[in-house]
Amino acid sequence: MQRTLAVAALLLTAALLAGGPAGGQIEEIPEGVEVPPFYDYDPPSTLVVPETLVTRAKYPFVDVHNHQFRMGADQDLGELVAEMDELNMAILVNLSGRGFRRIENEDGSVTFELDSHEYLANAVQRARSLYPGRFAVFTNISTTGIDEPDWTERTLAGLERDVAAGAAGLKIYKGLGMDSRDSSGERIPVDDARLDPVWAKCGELGIPVLIHTGDPAQFWQDRTKENERLYELLERPDRYRDPAENAPWERIMGEQHAMMRKHPGTQFINAHLGWLGNDLGRLGALMDEMPNMYTEIGAVLAELGRQPRYAREWLTRYQDRVMFGKDSWRPEEYHVYFRTLETDDDYFPYYRRRHAFWRIYGLDLPDEVLKKLYYKNALAVIPGLDASLFPD
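Residues numbered from 1 in each chain as written. Predicted model: local features only at pLDDT ≥ 70, side-chain atom pairs only at ≥ 80, totals over all residues. Heavy atoms only, no water.

1. Details of the nonpolar core
Going by this rule: Here, nonpolar core refers to any group of buried Ala, Val, Leu, Ile, Met, Phe, Trp, Tyr and Cys residues whose side-chain atoms link them within 4.5 Å. Exposure classes here rest on a 1.4 Å probe applied to the protein chains alone. A residue is buried below 20% of its type maximum, exposed above 50%, and partly exposed in between. Only DSSP runs of H or I covering at least 4 residues are called helices, and only runs of E covering at least 2 are called strands; the numbering of each starts at the N terminus. Whether two residues are in contact is decided by their heavy atoms: any pair within 4.5 Å suffices.
Grouped together as the largest cluster of nonpolar side chains are 106 residues, with contacts concentrated most on W199 and Y374. Looking at this core element by element, the count peaks at seven residues for helix α12 (residues 367-381). Apart from residues lying up to four places away in sequence, Y374 is in contact with A57, K58, Y59, P60, F61, V62, F324, F338, L341 and E342.

Next up, the structure:
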């Protein structure tokens, strides 16, 4: 893998050197100068500006996008809560309430399937008994067997049973619309009519649906110097979506929007800013059209941080519709979120270069906007959260 990455990067570096903008071409590399691959070029900044390192959020917050895959088994919740306390995280929403179980197939391959209702119920019971109020747990559904006659009945019954056991919402993984197939091998669209009873049932039960649809649009684009996510596609080549073999990005996202329009009585939390963090105007237009659409900022902070003035204006305008989310559990990475949201710092690094090779800037959000992002909007949408953990 490393050799493949290095060769690809060197070829691209050569192409960039040979074909830069008019007036900016490098005709010859001076003797003795070593040209690094483009992904290694990250010189220390000489900019000297004030720095505000924030390791603890200004207000207690709810992380609405988190994954704890062992909560229903043997996870040490005490260790997890201690890390949450250091960050000032009041409530963690575990979207992976059903967990996964490992299946070893006869041909030697391994697959993973959602675990049982009992696993979810155990996760809820452990969280409630050991650390009351500190966790919310979402359930999950499988589309396997979606064209079987009793799939709808079984799925709705399971959803009702999970909610009765304490599930606070439904999380939909990104396989829907991209990789999930029915028994005929056809892709299951996000707005497939066979799923309509599920969305309607969530509205009836009063629980939100946090749905991850698609991936960044650049994953469908040619892997050239014009692709803003080329670094990531070289480091993680499995993320590339060959247009010849995959449904177009616009179609997949359009299916999600059509589904939300069709179910105005159900509240949807569109994960990762709906992959429109680079086009907030378009995201805002969708939210204007669909008051049942909310969103969260998990894994897309760098999109906001590179447009601090417009992002601040946008978050202020949609302050009742956006929640705090992070996605992967690496406590030290939250510090970059706090710095971006709370300070007016200039030009500092994001924590993962494959997501953003650029520097980002603080948004310095007003306190009321920050409170809504950190906890007020989550309290309004996700049932059962303990409001006493927050200042007002």
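2. Points about the environment of E255
Relative to the elements of secondary structure, E255 occurs in helix α7 (residues 249-262). It is 5.2 Å that separates the C-alpha atoms of E255 and D191, two residues lying 64 residues apart in sequence. Other than its neighbours up to four places away in sequence, E255 contacts R187, P189, V190 and D191.

3. A short note on the side chain of T155
With respect to the helices and strands, the residue T155 is situated in helix α4 (residues 151-164). For T155, a relative accessible area of 11% puts it in the buried group. With sequence-adjacent residues up to four places away left out, T155 is seen in contact with I141 and V198.

4. Regarding the sheet that holds strand β6 (residues 169-172)
Sheet strands associate in pairs through backbone hydrogen bonding, adopting either a parallel or an antiparallel arrangement. Formally: When DSSP finds at least two bridges between two strands, those strands are taken to pair. To define axes, lines are fitted to C-alpha atoms, for helices over the stretch in contact only, and angles between the resulting N-to-C directions are given on a 0 to 180 degree scale.
What the eight strands build is an open sheet, ordered β1-β2-β5-β6-β7-β8-β9-β10; its pairing is parallel. Both edges of this open sheet fall to β1 (61-66) and β10 (322-323), since each of them pairs with a single strand only. Summarising the sheet, strand β9 (residues 293-296) and β10 pair through two bridges and their orientation is parallel. Bridge pairing in β10 places T295 opposite V322. Sitting on the sheet, helix α5 (residues 196-205) touches β6, β7 (209-211) and β8 (268-270), and the angle it makes with β6 is about 150 degrees.

5. Observations regarding the packing of aromatic side chains
Cut-off, in case you're wondering: Ring pairs shown here join Phe, Tyr and Trp side chains whose ring centres sit within 6.5 Å, with only the six-membered ring taken for Trp; geometry is labelled stacked below 30 degrees between planes, edge-to-face above 60, and tilted in between. Two limits define a charge over a ring: the Lys NZ or Arg CZ must be within 6 Å of the ring centre, and within 35 degrees of the ring normal.
Using the criterion set out here, one finds 22 aromatic pairs in the structure. On the numbers, 6.1 Å between centres and 20 degrees between planes, the contact of F324 with Y334 is stacked. Of this pair, F324 sits in the loop between β10 and α11 (334-342) while Y334 sits in helix α11; the two residues are ten residues apart in sequence, bridging distant segments of the chain. The exposure class of Y334 is buried, given its relative accessible area of 0%. Members of the aromatic cluster, joined through ring pairs, are F61, F324, W329, Y334, Y337, F338, Y350, Y351 and Y374. Above the face of the Y240 ring, R223 is positioned so that its terminal group lies 3.6 Å from the ring centre. Sitting above the plane of the Y334 ring, K326 keeps its charged end 5.5 Å from the centroid.

6. Things to note about the pairing of strand β4 (residues 110-114)
When strand β3 (residues 100-104) meets β4, the two strands line up antiparallel, connected through five bridges. Directly across from R102, in β4, lies its bridge partner F112.

7. Quick look at the pattern of salt bridges
Defined as follows: Put simply, a salt bridge is a Lys or Arg side-chain nitrogen that is within 4 Å of an Asp or Glu carboxyl oxygen.
This model, assessed by the stated rule, comprises 34 salt bridges. Among the salt bridges present, the one from E228 reaches R306, with a minimum N-O distance of 2.6 Å. Of the two residues, E228 is situated in the loop between β7 and α6 (230-235) and R306 in the loop between α9 (301-305) and α10 (308-317); the sequence distance between them amounts to 78 residues. By relative accessible area, E228 is classed as partly exposed at 31%. When salt bridges that share partners are traced, they join E368, K371, K376 and D392 into one network.

8. Topic: empty space enclosed by the protein
What counts is decided by this rule: In this analysis the probe radius is 1.4 Å and the grid spacing 1 Å, with only protein atoms considered; a cavity is a set of points the probe fits into but cannot get out of, a pocket is an open set with protein on both sides within 12 Å along at least five of seven lines, and lining residues have an atom within 4 Å of a point. Grid points are joined across faces, edges and corners, and a volume is the space filled by probe spheres set on the points. Basically, the charged four are Asp, Glu, Lys and Arg, the nonpolar ten are Ala, Val, Leu, Ile, Met, Phe, Trp, Tyr, Cys and Pro, and anything else, Gly included, counts as polar.
Counting across every chain of the model gives one cavity of 30 Å³ or more. Of the pockets and cavities examined, the largest cavity occupies roughly 40 Å³. Every residue along the wall of the largest cavity is listed here: R229, A299, V300, A302, E303, H355 and W358. Tallied by class, residues from the lining of the largest cavity come to four nonpolar, one polar and two charged.

9. Describing unusual backbone geometry
The backbone of N88 shows a phi angle near 70 degrees, a positive value even though the residue is not glycine. Assignment of secondary structure puts N88 in the loop between α2 (77-87) and β2 (89-94). Overall, the relative accessible area of 14% leaves N88 in the buried class. One non-glycine residue, D364, lies in the positive phi region at around 50 degrees.

10. Some details on the packing of α4 against α5
For clarity, the cut-off: Orientation categories follow fixed angle ranges, with anything under 35 degrees roughly parallel, anything over 145 roughly antiparallel, 65 to 115 roughly perpendicular, and all other angles oblique. We call a crossing left-handed when the near helix sits turned anticlockwise from the far one by less than a right angle, and right-handed when that turn is clockwise.
In contact at an axis separation of 10 Å, α4 and α5 are set at 25 degrees when each is read in the N-to-C sense. On the basis of the axis angle, α4 is roughly parallel to α5. When the axes of α4 and α5 are compared, the crossing they make is right-handed. Between α4 and α5, the contacting residues are W151, T152, T155, L156, L159, E160 and V163 on the first element and P197, V198, K201, C202 and L205 on the second. For the contact of α4 with α5, the residue count by class is eight nonpolar, two polar and two charged.

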